[in-house]
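The primary structure of each chain is shown beneath.
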Amino acid sequence: MPDTTPDPAQPPPTTPAAAPGPTTDTPTGTLPGPLTGRQRIVIVGGGAGGLELARKLGTRHGRKHDITLVDCVRSHVWKPLLHEVATGSLDANLDELSYRAHCYKWGIRYFYGMMEGVDRTRRELLIAPLHDIDGSLLMGRHRIPYDLLVVAIGSITNDFGTKGARQNCVFLDDRPAADAFRNRLLNQCMRVSRAALTGMPGEHEVRVAIVGAGATGVELAAELYSAAGALRQYGLEHFDESRLKVTLIEAGPRILPALPEKLSHAAQTELERLGVRVLTGTPVTEVTDTAVITTTGEAIPAELRLWAAGVRGSAVLENTDGLEVNRWSQLVVRPTLQTTRDDRIFAIGDCCSCTLPGTDRAVPPRAQAAHQMADTVYFNIRRLLRGRALRNFVYRDHGSLVSLSRFSTVGSLMGNLVGGAMAIEGRLARLAYQSLYQMHLLAVHGKLKGVILILLGQVNAIIRPRIKVH
Ligand SMILES: Cc1cc2nc3c(=O)[nH]c(=O)nc-3n(C[C@H](O)[C@H](O)[C@H](O)COP(=O)(O)OP(=O)(O)OC[C@H]3O[C@@H](n4cnc5c(N)ncnc54)[C@H](O)[C@@H]3O)c2cc1C
């Protein structure tokens, strides 16, 4: 258990906090003062970026400094796999990592709690009260003192204030949302299968509307067809892909805007071949509990509605004692990945907005960006501990890959590295896509366990059911 203090009216933290950090804008790369002695390094958010950073710091500095990882859930599932969890293509129980066991192994303290803000004057992370499932209080409001803080709490889906979207859509932000979507999907498939079996009037189709045709929406649409095909083998004899009706709705002129036009057309052709109705240039004005309504006035009926149209920062980032946030509540950082108003606070991954010198757009919210930012902050924290100047983050766009389930994979490799994207499709793209997750496993578990887990994953793909049907 980290050195936390209940709030309010608690005694001062047992380890004396160093002098308060600067509260005004500071030039890039300045140091917050000498960092002598044992430092309390707190990482909040153990996702694609935070978990990799925690493991690295724990391995190298776990004995000399207090490294604490805070997360509001007890286990980690790599977020880019959530669409597979949602359709049952992946059994998250096999792929999840227990924070407590993992942190123990790597010399990190783990604190189960939800960040609700930062008190920069006292250098404390504010943790919300924790309740049991019956509503009783498990742990009161807490404060975790830090000398260095890394905020890595990811993003939430941005509904852009669209009427009814929050109440009537699933947002694929976390594991519970993916599990809930899968349960509703299975129930709906069962209803349709029963109606077909008994010949009784009832629902004859599973209608799914997906808003947003970026990678998440496109990947989910393809996974749904793969799952529907598999369900027949697992007892729903009267259900197959022909009873699935997926509509993918995109406001922009084409799907997968991050990919070259040729690949976005190839992906659309493949989706349409599967049976997906693809609507582009079609903004959504409202979502009800039965349909998605577009600007053309069309109401697209759907039992399952999923919103995958954009990302924004969590509301807790507005409660960070004056740290700069952009219009989507993401923490604004300098090229060193320190927040603009506090040298002791870094932010990485989807929760930060980082516009690098010479560019006019922020680094995109992707797992590869979170992974690279974790590396930079690891080196910068080591530099701070040695009193050296910090390095600027350099984003290397290795390209974007989109999996159309077992049907196809499309993408562009190397992005800005070779002065232009190299379009790839098929088996090569599939291997490159899988390597993203494999890199995460290696970064989180180290080489030996990482390789074992990669091999185990390949064995599991052969021996376990094609789809999680519970
Ligand atoms: C379905 C889907 C598919 C995707 N596919 C790809 C892909 O193919 N390639 C790619 O590059 N990117 C992909 N992405 C985007 C990618 O998942 C994110 O960019 C990446 O996970 C961001 O990493 P992160 O560390 O910033 O946040 P996350 O990985 O989201 O981790 C955030 C962590 O913070 C914790 N947390 C949140 N709030 C709090 C709080 N208040 N207090 C404490 N803990 C908190 C969460 O529990 C979580 O563990 C995909 C995303 C989705 C949803």
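Reading the values: the criteria
Residues numbered from 1 in each chain as written. Predicted model: local features only at pLDDT ≥ 70, side-chain atom pairs only at ≥ 80, totals over all residues. Heavy atoms only, no water. pLDDT = per-residue confidence, 0-100. Contact = heavy atoms within 4.5 Å. Near = heavy atom within 4 Å. Polar contact = N/O pair within 3.5 Å; in protein donor to acceptor, adjacent residues only side chain to side chain. Nonpolar A, V, L, I, M, F, W, Y, C, P; charged D, E, K, R; others polar. Phe/Tyr/Trp six-rings, centres within 6.5 Å; stacked < 30°, edge-to-face > 60°. Helix = DSSP H or I, 4+ residues; strand = E, 2+ residues; numbered from the N terminus. Buried < 20%, exposed > 50% of the residue type's maximum accessible area, 1.4 Å probe, protein only. Lys NZ or Arg CZ within 6 Å of the ring centre and 35° of its normal. Pairing = 2+ DSSP bridges. Axes fitted to C-alpha atoms, helices over the stretch in contact; angles between N-to-C directions. Patch = residues over 30% accessible without salt bridge, like charges linked within 9 Å, V, L, I, M, F, W, Y side chains within 5 Å. Areas by Shrake-Rupley, 256 points an atom, 1.4 Å probe, with all protein chains shown as cover. Salt bridge = Lys/Arg side-chain N within 4 Å of Asp/Glu carboxyl O. Lys, Arg positive; Asp, Glu negative; His and termini not counted. Charge placed at Lys NZ, Arg CZ, Asp CG, Glu CD.

1. Topic: the confidence of the model for the protein chain
For step 1, the next point in the chain: Taken as a whole, the protein chain shows an average pLDDT of 86; of its residues, 85% reach a score of 70 or greater.
For step 2, the next point in the chain: Within the model, the stretch residues 8-29 combines pLDDT values under 50 with 47 contacts to residues more than four positions away or in other chains.

2. Focus on the site of the ligand
For step 1, the next point in the chain: Of all residues adjacent to the ligand, which total 29 residues, the nearest are Gly-49, Asp-71, Met-115, Asp-350 and Ala-367.
For step 2, the next point in the chain: Take Pro-365: an N or O atom from its main chain is 3.3 Å from an oxygen atom of the ligand.
For step 3, the next point in the chain: Its residues placed into classes, the shell around the ligand shows 15 nonpolar, 10 polar and four charged.

3. Considerations on the packing of aromatic side chains
For step 1, the next point in the chain: A complete count under the given rule lists five aromatic pairs for this structure.
For step 2, the next point in the chain: A ring pair is formed by Tyr-99 and Tyr-110, whose centres lie 5.5 Å apart and whose planes are at 20°; its orientation type is stacked. One end of the pair, Tyr-99, is in helix 4 (residues 99-105); the other, Tyr-110, is in strand 6 (residues 109-112), with 11 residues separating them in the sequence.
For step 3, the next point in the chain: A ring pair is formed by Phe-160 and Trp-328, whose centres lie 5.6 Å apart and whose planes are at 90°; its orientation type is edge-to-face. On the criterion of sequence distance, the pair formed by Phe-160 in the loop between strand 13 (156-157) and helix 5 (165-168) and Trp-328 in the loop between strand 22 (311-312) and strand 23 (331-332) is long-range, its members being 168 residues apart.
For step 4, the next point in the chain: The exposure class of Phe-160 is partly exposed, given its relative accessible area of 46%.
For step 5, the next point in the chain: Given the relative accessible area of 25%, Trp-328 is considered partly exposed.
For step 6, the next point in the chain: Positioned over the ring face of Phe-171 is Arg-166, at 4.3 Å from the centre of the ring.
For step 7, the next point in the chain: The ring of Phe-379 carries the charged tip of Arg-391 above its face, separated from the ring centre by 5.2 Å.

4. Description of the sheet that holds strand 20 (residues 299-301)
For step 1, the next point in the chain: Spatially, three strands are ordered 18-19-20 in an open sheet, and the strand pairing comes out antiparallel. The sheet is open, and its two borders are formed by strand 18 (284-287) and strand 20, each paired with just one other strand. Here the strands of the sheet are splayed against their neighbours by 25° on average, with no regard to which way each runs.
For step 2, the next point in the chain: In this structure, strand 18 lies alongside strand 19 (residues 291-294), joined through three bridges in antiparallel fashion. Looking at strand 19, one finds that Val-287 is bridged to Val-292.

5. Considerations on the pairing of strand 2 (residues 40-44)
For step 1, the next point in the chain: Across the five residues of strand 2, five count as buried, placing the element largely inside the fold.
For step 2, the next point in the chain: Along strand 2, one buried face is formed by Arg-40, Val-42 and Val-44 and the opposite face, lined by Ile-41 and Ile-43, is buried too.
For step 3, the next point in the chain: Sheet analysis places strand 2 next to strand 3 (residues 66-71), joined by five bridges and oriented parallel. Of the residues in strand 3, the one forming a bridge with Ile-41 is Ile-67.
For step 4, the next point in the chain: Note: strand 2 against strand 12 (residues 148-151), four bridges, orientation parallel. When the sheet's bridge partners are listed, Val-42 is paired in strand 12 with Leu-149.

6. Focus: the sheet that holds strand 25 (residues 342-347)
For step 1, the next point in the chain: The mixed open sheet is built from six strands, whose spatial order is 6-3-2-12-25-24. Edge positions in the sheet fall to strand 6 and strand 24 (338-339), since each has one partner strand and no second.
For step 2, the next point in the chain: Across two bridges, the pairing between strand 24 and strand 25 is antiparallel. The partner of Gln-338 across the bridge, within strand 25, is Phe-346.
For step 3, the next point in the chain: Strand contacts of helix 1 (residues 50-61): strand 2, strand 3 and strand 12, with the helix running at about 160° to strand 3, the strand carrying the most contacts.

7. Quick word on a positive patch on the surface
For step 1, the next point in the chain: Residues Arg-60, Lys-64, Arg-386 and Arg-388 make up a contiguous surface patch of positive charge.
For step 2, the next point in the chain: For Lys-64, the location among the structural elements is in the loop between helix 1 and strand 3.
For step 3, the next point in the chain: A residue is classified by how much of its surface remains accessible, and Lys-64, at 57% relative accessible area, is exposed.

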